[in-house]
Amino acid sequence: PWQLYEELNKFLKESKFGGSESSTTFHLKTIRLKDRSILNLLADPQQSKLESIENIFQLYYPTSSREHSASSSSHHQFVLVGDTGEKDPEVYGEIMRRYPQYIVAAFLRNVTGEKKEG
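Residues numbered from 1 in each chain as written. Predicted model: local features only at pLDDT ≥ 70, side-chain atom pairs only at ≥ 80, totals over all residues. Heavy atoms only, no water.

J.: How should the side chain of E54 be read in this particular structure?
T.: Structurally, the position occupied by E54 is in helix 2 (residues 45-60). Within the structure, E54 has its side chain in polar contact with the side chain of R98 (distance 2.6 Å). In this view, E54 contacts I95, R98 and Y99; residues no more than four positions away in its chain are not counted. (Helix = DSSP H or I, 4+ residues; strand = E, 2+ residues; numbered from the N terminus. Polar contact = N/O pair within 3.5 Å; in protein donor to acceptor, adjacent residues only side chain to side chain. Contact = heavy atoms within 4.5 Å.)

If you want it as structure tokens, here you go:
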């Protein structure tokens with residue numbers, strides 16, 4: 001959610017991740033008590049996240065050109081950042097299979113308490 005923007009932006013600046021500041025954009029979930037966005041919490045997390053990410057891709061890659069490589073009309077590439085709590089691993093895996101040309105990496109924070117194998 002947008003409440004994490006300041007900390008994420010600070011981390012990106014300090015680590016110099018993503019190149020220049022002008023080339024970095026954030027696409028975060030909006031949740032506000034004042035409007036209908038709060039109802040998004042009741043939606044199926046897997047379906048709503050897939051739709052949200054695909055809508056973001058459409059901003060940068062029109063439907064007619066989405067099958068082309070990322071270098072065809074736009075040079076935007078994406079890093080997916082999430083956690084293991086609400087279907088992010090499944091959603092990000094599906095997005096990476098559907099649109100590998102757009103995704104640079106996916107980072108997941110383990111919030112389930114399970115130990116990593118290996």
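After presenting the structure, the write-up continues.
J.: Hey, could you run me through the nonpolar core in this one?
T.: The nonpolar side chains of a soluble globular protein tend to be buried, and buried together. In terms of nonpolar packing, the biggest core is built from 14 residues, with I53, F57, F78, I95, Y102 and I103 touching the most fellow members. When residues of this core are traced back to their parent elements, those giving at least two are helix 2, strand 1 (78-83) and helix 3 (88-98). With five residues, the top contributor of residues to this core is helix 2. Contact partners of F57, with chain neighbours within four places excluded, come to F78, I95, Y99, Y102 and I103. (Core = buried A, V, L, I, M, F, W, Y, C linked by side-chain atoms within 4.5 Å. Buried < 20%, exposed > 50% of the residue type's maximum accessible area, 1.4 Å probe, protein only.)

J.: How should I be thinking about the packing of helix 2 against helix 3 in this particular structure?
T.: For any two helices packed against each other, the geometry is given by the interaxial angle and the distance between the axes. Packing of helix 2 against helix 3 leaves a shortest axis separation of 9 Å and a crossing angle of 40°. With respect to helix 3, the element helix 2 is oriented oblique. As for the relative orientation of helix 2 and helix 3, their crossing is right-handed in sense. Two secondary-structure elements touch here, helix 2 through P45, Q46, K49, L50, I53, E54 and F57 and helix 3 through D88, E90, V91, Y92, E94, I95 and R98. Residue classes in the contact of helix 2 with helix 3 are distributed as seven nonpolar, one polar and six charged. (Axes fitted to C-alpha atoms, helices over the stretch in contact; angles between N-to-C directions. Parallel < 35°, antiparallel > 145°, perpendicular 65-115°, else oblique. Left-handed = near helix turned anticlockwise from the far one by under 90°. Nonpolar A, V, L, I, M, F, W, Y, C, P; charged D, E, K, R; others polar.)

J.: Help me understand the environment of L8, please; the structure alone is not making it clear to me.
T.: The topology assignment puts L8 in helix 1 (residues 5-15). Along the sequence, L8 and F26 sit 18 residues apart, while their C-alpha atoms lie 9.1 Å from each other. The residues touching L8, leaving out its near neighbours within four places in the chain, are F26 and L28.

J.: In this structure, what is going on with helix 2? I would like to understand it.
T.: Since the α-helix packs 3.6 residues into each turn, any two residues three or four apart lie on the same face. With 16 residues, helix 2 should cover 22 Å at 1.5 Å per step; its first-to-last C-alpha distance of 23 Å lies within 8% of that length. K49, L50, I53, E54, I56, F57 and Y60 are the residues of helix 2 that are buried. For helix 2, the angular spread of buried residues about the axis comes to 155°, placing them on one side. Tucked into the core, helix 2 has its buried residues touching strand 1, helix 3 and strand 2 (103-109). (Expected span 1.5 Å × (residues − 1). Arc of directions from axis to C-beta.)

J.: It is not clear to me how the packing of aromatic side chains should be interpreted in this structure. Could you clarify?
T.: Within the structure shown, the criterion is met by five aromatic pairs. Relative to F78, the ring of F57 has its centre 4.8 Å away and its plane inclined at 50°; by these criteria the two rings are tilted. Within this pair, whereas F57 is found in helix 2, its partner F78 is found in strand 1, the two being separated by 21 residues in sequence. Looking at F78, the relative accessible area reads 10%, which means it is buried. Residues Y99 and Y102 carry aromatic rings whose centres are separated by 5.7 Å and whose planes lie at 10° to one another, so their mutual orientation is stacked. Classification of Y99 as buried rests on a relative accessible area of 10%. (Phe/Tyr/Trp six-rings, centres within 6.5 Å; stacked < 30°, edge-to-face > 60°.)

These figures capture arrangement, not role.
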